[in-house]
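# Working through the structure, step by step
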Amino acid sequence: MSDNQNEPREYDAVRGGQNSIPVNAAVLGGIPGVKSRLASPIVEVRIAALSEALKYGEAGLDVIMQALREESMQVKFAAYSLVKDRDDLKIKPQFQDYLPTFEFDVITVDAEGKENSRRKSFAHYFPEDLGNGVVLEMVYIPGGTFMMGSPETERGRKDKESPQHQVTVPAFYAGKYPLTQAQYQAVMGNNRSEFRGDKLPVETVSWNQAVELCRKLSEKTGKIYRLLSEAEWEYACRAGTITPFYFGETITTDLVNYNGYQPYGAAPEGLVRRQTMDVGSFGPNAFGLYDMHGQVGEWCSDKVHINYDGAPIDGSSWETGTSSGRVLRGGSWRIGAVNCRAAFRSFFPARYSGLLGPCRGFRVAVALAVPSSLSYL
């Protein structure tokens, strides 16, 4: 090593992204530099290194594809996002090996509830093994920007759904279904539900109990599980749509489990099932999420606010204020279609589970942490 203090020294190398670059430091570049940063324990550093790998042609592509074998789901999805639109024959077969997908039909209806389109789509997910054959499927929800709340022209809208405002939601994972009774039992060791069945959504659950499950699930898996924020929930429910429902202008009981005696708009009356149904009994939205309308109301993390004045615009949970109540979304099997809209909000005490019968459930989320410079992933 040179004694010249003005020359970079071997041990001055910096792993990009962790520190600012000191004077006289030599930064390892090229593919060796990318591989060095991919050895970092910091997820954000590894993701940033993958973005740089694209500069190095086939060698960089090989590094990105190797990242699909990473244990970190954040890094896997970052790698996938960088190459998902490429048509290279050697790439496509590897996606299914390391980022499994499921296929489904996306259905839309007209104002009378008649099907007017159906298309095939797919979504990526990761399976969380809860033991004894019980698996929790977590679906990748791409980040994006949407208008939260309902427009003044929407039938049945409430003042608490206003003002409509733009929110940018980072990518995250959400439960494919509301949490089932089998999944709740696997984590909590009990089942509080009134309607019993392993594939039925868990219900008669308070917000406090839902948060406790997330805590125990985090301990069990090593990931940080939590409830969806209210903004995440509405963004995930809409899945790119701007209509009252992700199916379109209305719903029917062929598509959603709600009180069919109380239809929405020009839709006809339908079935009144008087209980929950197995998750996945009805079609999903374009993100691959099921039962976002009807079935059970889903607890969100946010405190209660009577409208959106001052609401966060970054997708985070709204935790300011003095209210002890929490937000529920999605309606339920017991109520009319108007209260199953994507924008509809209801509020309940965090500790209470029994009000209005077995209608309270939830789904879980896991954050996808990426640097702000890669927020498009």
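What this report covers is the structure whose coordinates are included nearby. (Residues numbered from 1 in each chain as written. Predicted model: local features only at pLDDT ≥ 70, side-chain atom pairs only at ≥ 80, totals over all residues. Heavy atoms only, no water.)

What follows is about helix α4 (residues 73-83). At 3.6 residues per turn, the α-helix brings residues three or four places apart onto the same side. Most of α4 sits out of view: 10 of its 11 residues are buried. Restricting attention to buried positions, one finds in α4 the residues Met-73, Val-75, Lys-76, Phe-77, Ala-78, Ala-79, Tyr-80, Ser-81, Leu-82 and Val-83. (Buried < 20%, exposed > 50% of the residue type's maximum accessible area, 1.4 Å probe, protein only. Helix = DSSP H or I, 4+ residues; strand = E, 2+ residues; numbered from the N terminus.)

As enumerated under the stated definition, the model contains 4 cavities of 30 Å³ or more in all. In this structure, the largest cavity occupies an estimated 60 Å³ of space. Taken together, Met-148, His-165, Glu-230, Ala-231, Asp-302, Tyr-308, Ala-311, Pro-312, Ser-316 and Trp-318 make up the full set of residues lining the largest cavity. The class makeup of the residues in the lining of the largest cavity is 6 nonpolar, 2 polar and 2 charged. (1 Å grid on protein atoms, 1.4 Å probe; cavity = no way out; pocket = protein on both sides within 12 Å on 5 of 7 lines; lining within 4 Å. Points joined across faces, edges and corners; volume = space filled by probe spheres on them. Nonpolar A, V, L, I, M, F, W, Y, C, P; charged D, E, K, R; others polar.)

All right, on to the nonpolar core then. Counting 52 residues, the largest nonpolar core has Leu-50, Leu-213 and Phe-362 as the members making the most contacts within it. It is α4 that contributes the most residues to this core, 8 residues altogether. Every residue in contact with Leu-50, bar those within four places of it in the chain, is listed here: Leu-38, Val-63, Ile-64, Ala-67, Val-75, Ala-78, Ala-79 and Leu-82. Formed by 43 residues, the second largest nonpolar core is a distinct cluster that contains Phe-247, Leu-255, Val-327 and Ala-365. (Core = buried A, V, L, I, M, F, W, Y, C linked by side-chain atoms within 4.5 Å. Contact = heavy atoms within 4.5 Å.)

What follows deals with the pairing of strand β8 (residues 297-303). Within β8, 7 of the 7 residues are buried, which leaves the element mostly enclosed by the surrounding structure. Along β8, one buried face is formed by Gly-297, Trp-299, Ser-301 and Lys-303 and the opposite face, lined by Glu-298, Cys-300 and Asp-302, is buried too. Of the strand pairs in this sheet, β8 and strand β11 (residues 360-361) are connected by 2 bridges, and their pairing is parallel. Paired with Glu-298 across the strands is Gly-361, a residue of β11. (Pairing = 2+ DSSP bridges.)

Glancing now at the sheet that holds strand β9 (residues 325-329). Across the sheet, 4 strands lie side by side as β10-β9-β8-β11; this open sheet has mixed pairing. Where the open sheet ends on each side, the last strands, each with one partner, are β10 (345-349) and β11.

Here the structure, examined in full by the defined rule, presents 18 salt bridges. Between Asp-105 and Lys-120 there is a salt bridge, with the nearest N and O atoms lying 3.0 Å from each other. Taken as a pair, Asp-105 in strand β1 (residues 101-109) and Lys-120 in strand β2 (residues 115-131) lie far apart in primary sequence, 15 residues in all. Given the relative accessible area of 21%, Asp-105 is considered partly exposed. Since its relative accessible area comes to 57%, Lys-120 is described here as exposed. For Arg-329, the salt bridge is made with Glu-230, and the minimal N-O distance between the two is 3.0 Å. Highlighted residues: Arg-329 in strand β9 and Glu-230 in helix α8 (residues 230-238), separated in sequence by 99 residues. Among the charged side chains, a network of salt bridges with common partners joins Glu-230, Glu-234, Arg-238, Arg-329 and Arg-345. (Salt bridge = Lys/Arg side-chain N within 4 Å of Asp/Glu carboxyl O.)

The subject of this paragraph is unusual backbone geometry. A cis amide bond, omega -5 degrees, links Ser-162 with the succeeding residue Pro-163. Structurally, Pro-163 is set in the loop between β4 (144-148) and β5 (165-169). The phi torsion at Thr-204 lies on the positive side, around 55 degrees, for a residue other than glycine. Here Thr-204 shows up in the loop between α6 (181-188) and α7 (207-221).

The element α8 is largely enclosed, with a buried count of 9 among its 9 residues. Considered for burial, the residues of α8 that qualify are Glu-230, Ala-231, Glu-232, Trp-233, Glu-234, Tyr-235, Ala-236, Cys-237 and Arg-238.

Turning our attention to the packing of helix α1 (residues 30-38) against helix α3 (residues 57-66). Direction vectors running N to C along α1 and α3 enclose 10 degrees, while the axes themselves pass 11 Å from each other. Here α1 lies roughly parallel to α3, going by the angle between them. Facing Ile-31, Val-34, Lys-35 and Leu-38 of α1, the residues of α3 in contact are Ala-59, Gly-60 and Val-63. By residue class, the composition of the contact of α1 with α3 is 5 nonpolar, 1 polar and 1 charged. (Axes fitted to C-alpha atoms, helices over the stretch in contact; angles between N-to-C directions. Parallel < 35°, antiparallel > 145°, perpendicular 65-115°, else oblique.)

Another aspect to go through is the packing of aromatic side chains. A complete count under the given rule lists 9 aromatic pairs for this structure. With centroids separated by 5.2 Å and ring planes inclined at 80 degrees, the aromatic side chains of Phe-245 and Tyr-264 adopt a geometry described as edge-to-face. Of this pair, Phe-245 sits in the loop between α8 and β8 while Tyr-264 sits in the loop between α8 and β8, and the two are 19 residues apart along the sequence. Judged by relative accessible area, which is 0%, Phe-245 ranks as buried. For Tyr-264, a relative accessible area of 5% translates into the label buried. Ring pairs connect the aromatic residues Phe-102, Phe-104 and Tyr-125, which therefore count as one cluster. One Lys or Arg, Lys-176, reaches over the ring of Phe-102 and ends 3.9 Å from the middle of that ring. (Phe/Tyr/Trp six-rings, centres within 6.5 Å; stacked < 30°, edge-to-face > 60°. Lys NZ or Arg CZ within 6 Å of the ring centre and 35° of its normal.)

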